[in-house]
Amino acid sequence: MKLQLFNKQVYVDRRAALKQAIGQDGLILLLGNEDSSMNYKDNCYPFRQDSSFLYYFGLDVPMLAAIIDADSGEEVIFGDELSMDDIIWTGTLPSVKEMASLVGITETRAYLQVVHYIHKAITSGRTVHILPPYRPENKIKLATWLNVSLDDVADHVSIKLIKAVIAQRVIKTPLEIEQMQNAVSISVDMQLAVIKHTRPGRKEYELVAKAEEAAMAANARLGYPAIITTHGQTLHTHYHGNTLQEGRMVLSDIGAENAMHYGGDLTRTFPVGRSFTTRQKELYEVVLNAMDHAICMLKPGVRYKDIHLAACQKLVEGLKQVNLMKGNAAEAVAEGAHTMFFQCGLGHMLGMDTHDMEDLGEPYVGYTDTLKKETVFGLKSLRLGRGLEAGFVLTVEPGIYIIPELIDRWAAEKKCADFINYDVLNTYRDFGGIRIEDNFLITERGSHLLGKYLPKSLMEIEGLKE
Ligand code: GLY
Ligand code: MN
Ligand code: MN
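Everything numeric in this text was worked out from a predicted model, so none of it was measured. Going along each chain's sequence as written, the residues are numbered from 1 onward. Here the convention is simple: chains get letters from A, ligands get numbers from 1, in the order in which they are written. The model is predicted, so local features are restricted to residues of pLDDT at least 70 and side-chain atom pairs to those at 80 or more, both for listing and for counting; the totals for chains, interfaces and linings are taken over all residues. For the side-chain quantities, the full set of heavy atoms in the structure was used; hydrogens and water were omitted.

Asker: How should the overall build of the protein be read in this particular structure?
Answerer: Under the DSSP-based scheme used, a helix requires at least four consecutive residues in state H or I and a strand at least two consecutive residues in state E, with every element numbered from the N terminus. Assigned secondary structure in the protein consists of 16 helices and 17 strands. Computed over the C-alpha atoms, the radius of gyration of the protein is 24 Å, within 12% of the 23 Å expected from 2.2 N^0.38 for a compact globule of 466 residues. Buried means the residue's accessible area, taken with a 1.4 Å probe over protein chains only, is under 20% of the maximum for its type, while exposed means over 50%, and partly exposed covers the values in between. For the protein, with 466 residues in total, the buried portion stands at 55%. Across the protein, every contact between residues at least 6 apart in sequence was considered, and the portion connecting residues at least 24 apart equals 74%. In this setup the radius of gyration rests on C-alpha atoms only. A globule is expected at 2.2 Å times the number of residues raised to 0.38. Contacts are residue-level and defined by heavy atoms, with any inter-residue pair within 4.5 Å sufficient.

Asker: What should I look at first to understand the site of ligand 1 in this one?
Answerer: Neighbouring ligand 1 are the residues Y224, H236, D253, D265, H348, H355, E397 and E437. Side-chain atoms alone can form a polar contact between residues adjacent in sequence; in general such a contact is a pair of N or O atoms within 3.5 Å, and within protein one must be able to donate a hydrogen while the other accepts it. At 3.3 Å, a side-chain N or O of E437 approaches an oxygen atom of ligand 1. A breakdown of the residues in the shell around ligand 1 according to their chemical character gives one nonpolar, three polar and four charged. The cutoff for a nearby residue is simple: one of its non-hydrogen atoms must lie within 4 Å of the molecule or strand. Gly counts as polar in this scheme, as do all residues outside two lists: the nonpolar Ala, Val, Leu, Ile, Met, Phe, Trp, Tyr, Cys and Pro, and the charged Asp, Glu, Lys and Arg.

Asker: Any chance you could explain the pattern of salt bridges here in plain terms?
Answerer: Pairs can form between side chains of opposite charge whenever their charged atoms are close. Any carboxyl oxygen of Asp or Glu within 4 Å of a side-chain nitrogen of Lys or Arg constitutes a salt bridge here. Counted by the stated rule, this structure contains 31 salt bridges. Its salt-bridge partner being D292, residue K456 comes within 3.5 Å of it at the nearest N-O pair. Placement of K456 in the loop between β17 (447-449) and α16 (458-464) and of D292 in helix α10 (residues 278-297) is noted, with a sequence separation of 164 residues between them. What makes K456 buried here is its relative accessible area of 11%. Among the residues examined, D292 registers a relative accessible area of 33% and is labelled partly exposed. Counted as one network, the salt bridges with shared partners bring together R48, R169, K172, R221, E257, D353 and D356.

Asker: Any chance you could explain the nonpolar core here in plain terms?
Answerer: Burial of nonpolar side chains together is a common tendency in soluble globular proteins. We define the nonpolar core as a collection of buried residues of types Ala, Val, Leu, Ile, Met, Phe, Trp, Tyr and Cys that are connected through side-chain atoms lying within 4.5 Å of one another. Residues L29, I77, L283, L298, Y304 and V396 are the most contacted members of the largest nonpolar core, which totals 153 residues. Each residue touching V396, except ones within four places of it in the same chain, is listed here: M291, A294, I295, L298, Y304, L346, I436, E437, D438 and F440.

Asker: What is the right way to look at the coordination of the manganese ion (ligand 3) in this model?
Answerer: Around a metal, the ideal angle is 109.5 degrees if four donors adopt a tetrahedral arrangement and 90 or 180 degrees if six donors adopt an octahedral arrangement. Only D265 (OD), H348 (NE2), E397 (OE) and E437 (OE) from the protein coordinate the manganese ion (ligand 3), and they sit 2.0 to 2.2 Å from it. A donor here means any N, O or S atom no more than 2.8 Å from the metal (3.2 Å for Na, K and Ca); water is not included, so a site may seem to lack partners. Four donors are marked tetrahedral only if all angles between them lie between 85 and 135 degrees, whereas four are marked square planar and six octahedral if opposite donors are more than 155 degrees apart and the other angles lie between 65 and 115; the remainder are marked irregular. In this structure, the manganese ion (ligand 3) is surrounded by six donor atoms whose angles at the metal cover 49 to 157 degrees, and the resulting shape is irregular. Between consecutive donor residues of the manganese ion (ligand 3), the sequence gaps follow D-x82-H-x48-E-x39-E. In this structure, the manganese ion (ligand 3) is positioned 3.2 Å from the manganese ion (ligand 2), and both are ligated by D265. A residue pair is termed long-range when its members are at least 10 positions apart, and H348 in the loop between α12 (329-335) and α13 (362-365) and E437 in the loop between β15 (433-435) and β16 (438-442) qualify at 89 residues.

Asker: Can you help me understand the sheet that holds β17 in this one?
Answerer: Pairing is antiparallel across the open sheet formed by three strands, whose spatial order is β13-β16-β17. If you trace the sheet from one side to the other, it starts and ends with β13 (393-396) and β17, each paired once. In this sheet, neighbouring strand axes are inclined to one another by 35 degrees on average, regardless of whether the strands run parallel or antiparallel. Here a strand pair is declared whenever DSSP counts at least two bridges between the two strands. One ladder, built from four bridges, connects β13 with β16; its direction is antiparallel. Along β16, the bridge assignment pairs V396 with D438. Axis geometry follows a simple rule: fit a line to the C-alpha atoms, using only the stretch in contact for helices, then measure angles between N-to-C directions, giving values from 0 to 180 degrees. Strand contacts of α10: β13, β16 and β17, with the helix running at about 155 degrees to β13, the strand carrying the most contacts.

Asker: In this structure, what is going on with the coordination of the manganese ion (ligand 2)? I would like to understand it.
Answerer: Only D253 (OD), D253 (OD), D265 (OD) and E437 (OE) from the protein coordinate the manganese ion (ligand 2), and they sit 2.0 to 2.4 Å from it. Each of the six donor atoms bound to the manganese ion (ligand 2) contributes to angles spanning 57 to 171 degrees, and the resulting shape is irregular. Here the donor residues of the manganese ion (ligand 2) are spaced in sequence according to D-x11-D-x171-E.

Asker: Help me understand the pairing of strand β2 (residues 37-40) in this model?
Answerer: A regular strand places its side chains so that they alternate between the two faces of the sheet. Two strands pair when backbone bridges link them, and β2 and strand β3 (residues 43-44) are joined in this way by two bridges, in the antiparallel orientation. The partner of Y40 across the bridge, within β3, is N43. Hairpin geometry of β2 and β3 is characterised by an intervening segment of two residues between the two adjacent antiparallel strands.

Asker: Got a minute to help me understand the packing of aromatic side chains in this structure?
Answerer: To describe a pair of aromatic rings, one takes the distance between the centres and the angle between the planes. Pairing of aromatic rings covers Phe, Tyr and Trp, the last through its six-membered ring, and needs centres within 6.5 Å; plane angles under 30 degrees mean stacked, over 60 mean edge-to-face, and all others mean tilted. This model, assessed by the stated rule, comprises nine aromatic pairs. Ring geometry for F6 versus Y262: centroids 6.4 Å apart, planes at 55 degrees, classification tilted. Here Y262 lies in the loop between β11 (256-257) and β12 (266-271) and F6 lies in the segment before α1 (8-22), a separation of 256 residues in the sequence. The burial state of F6 is the same as that of Y262; both residues are buried. Between Y428 and F431, the ring centres sit 6.0 Å apart and the planes meet at 50 degrees, which makes this aromatic pair tilted. Accessibility assignment for this pair places Y428 and F431 in one class, buried. Just above the ring of Y55 sits the side chain of R14; from NZ or CZ to the centre is 3.9 Å. Comment: the charge-over-ring label is applied if NZ (Lys) or CZ (Arg) is within 6 Å of the ring centre and within 35 degrees of the ring normal. Over the ring of Y428 we find R279; its NZ or CZ atom is 3.7 Å from the centre of that ring.

Asker: How should the sheet that holds strand β9 (residues 227-229) be read in this particular structure?
Answerer: The pairing of strands in a sheet comes from backbone hydrogen bonds and takes either a parallel or an antiparallel form. Taken together, the three strands give an open sheet; going across it, the order is β9-β10-β12, and neighbouring strands pair in antiparallel fashion. Only two strands of the sheet have a single partner each, and these edge strands are β9 and β12. Averaged over all adjacent pairs, the angle separating strand axes in this sheet is 10 degrees, with direction ignored. Of the strands in this sheet, β9, β10 (249-254) and β12 touch helix α8 (residues 174-197), which is tilted by about 15 degrees from β12.

Asker: Teacher, can you tell me more about the packing of α8 against helix α9 (residues 204-217) here?
Answerer: The angle between the axes and the distance between the axes are what describe a pair of packed helices. Where α8 contacts α9, the two axes come as close as 8 Å, and the packing angle between them is 150 degrees. Here α9 runs roughly antiparallel to α8, going by the angle between their axes. Note that α8 runs across α9; the crossing there is right-handed. Side by side, α8 and α9 meet where I186, D189, M190, A193, V194 and H197 of the first sit next to E206, L207, K210, A211, A214 and A215 of the second. For the contact of α8 with α9, the class distribution of residues is eight nonpolar, one polar and three charged. The scheme is simple: roughly parallel for angles under 35 degrees, roughly antiparallel for over 145, roughly perpendicular for 65 to 115, oblique for anything else. Crossing handedness is read from the near helix: turned anticlockwise from the far helix by less than a right angle, it gives a left-handed crossing, and turned clockwise, a right-handed one.

Asker: It is not clear to me how a nonpolar patch on the surface should be interpreted in this structure. Could you clarify?
Answerer: Only residues above 30% relative accessible area that lack a salt bridge enter a patch, with like-charged residues linked at up to 9 Å and the nonpolar side chains Val, Leu, Ile, Met, Phe, Trp and Tyr linked at up to 5 Å. The Shrake-Rupley method, run with a 1.4 Å probe sphere, supplies the accessible areas, and residue values consider only the shown protein chains as cover. A contiguous nonpolar surface patch, about 570 Å² in accessible area, is contributed by L82, M84, I87, I88 and W89. Examined against the element boundaries, I87 turns out to sit in helix α3 (residues 84-90).

So this is what it looks like as structure tokens:
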């Protein structure tokens, strides 16, 4: 097995910057992931390394841990050598020492030696900085090693480390942008394969197969489970058993994770047959206008929450044109009336994780000490609100989702009846949903679309179906 890595200096520099940010203040402990069993011990899900471990230590191998001593500067990787059984069943790997040297580290120890380092630090009153674990096995390890209950692990998470890691990972370097360009371009190829394979009578899962094929042919895989559905109103459905019917649309939300684990996250909505219906065209234009408006606002200093709210207002203005909404658009947004159609947020950070660094906590990734996430329906699902900075990579993904159950609930409550034409809306009950999603790098002056261009206008999309 050949390990895929950046040049070792990349990792040396990243760790030096982290040490600098933490200052002489204890021990930084970063856990890699281990294999996760699917249905019995030796039948595992594809391995996915922890993204922060990858960022600082690069090694895409299970069962590693590492410490960075912020006081002494010492860096150690902990891991066990393969047994003969491992070699027989799963093949060879470089030794732990050889792997460590690839990322500029000379000190290695057996995996469980990490416990001694932690206990020594604790008994001498030093801080052990940890990130919030999202895998149960890492949570159990941390509870055991820190000698606290599972519930209390959260109290030992280091906000200082979280903030330092986010501050670094959130600004993508040219090397990372290159990887993201690659991942998004593969995602474009996946979308094109899906769109071209779409026709009445086929099954949604046949489209998922095309997406997987295009990803795998590019030495990539899906960064998140495919959302390929004729029921686009369900934001994150993973059911793929429906038959494609003339007159309906497919919403395809898919993204590649490339060999270096950087990802794309693209959505297109297109007709099952050759062309959109009039109603589909009308609402597609409404979403596209909101998207274009949002894209024009992308630049450093602008809060993403304000871009979200501006996009919501554009959606309302468009929905008024087709008589689904009424009244003053700004007031409608202030009342939350648009959330009948757009229940989620405009976008999120993107990187090695589809929702980049969400494991570290949305309050720190998408918000700040002074800008907190709101709890009302709609804004509670806006993962990114903070002011933009050059180097951020994010998604812009407005949509219109017609959810019959939500119509019934709100209509019964006469909710936002001054802004929503329920009579008209009821004639759209089986419309489905539309989302359009692209990925952008924030630059000094504005933004830059990542990846190859993927058609998105009505004419371009219909053109792909000829
Ligand atoms: N694919 C998940 C998302 O768009 O957020
Ligand atoms: Mn998506
Ligand atoms: Mn997304």
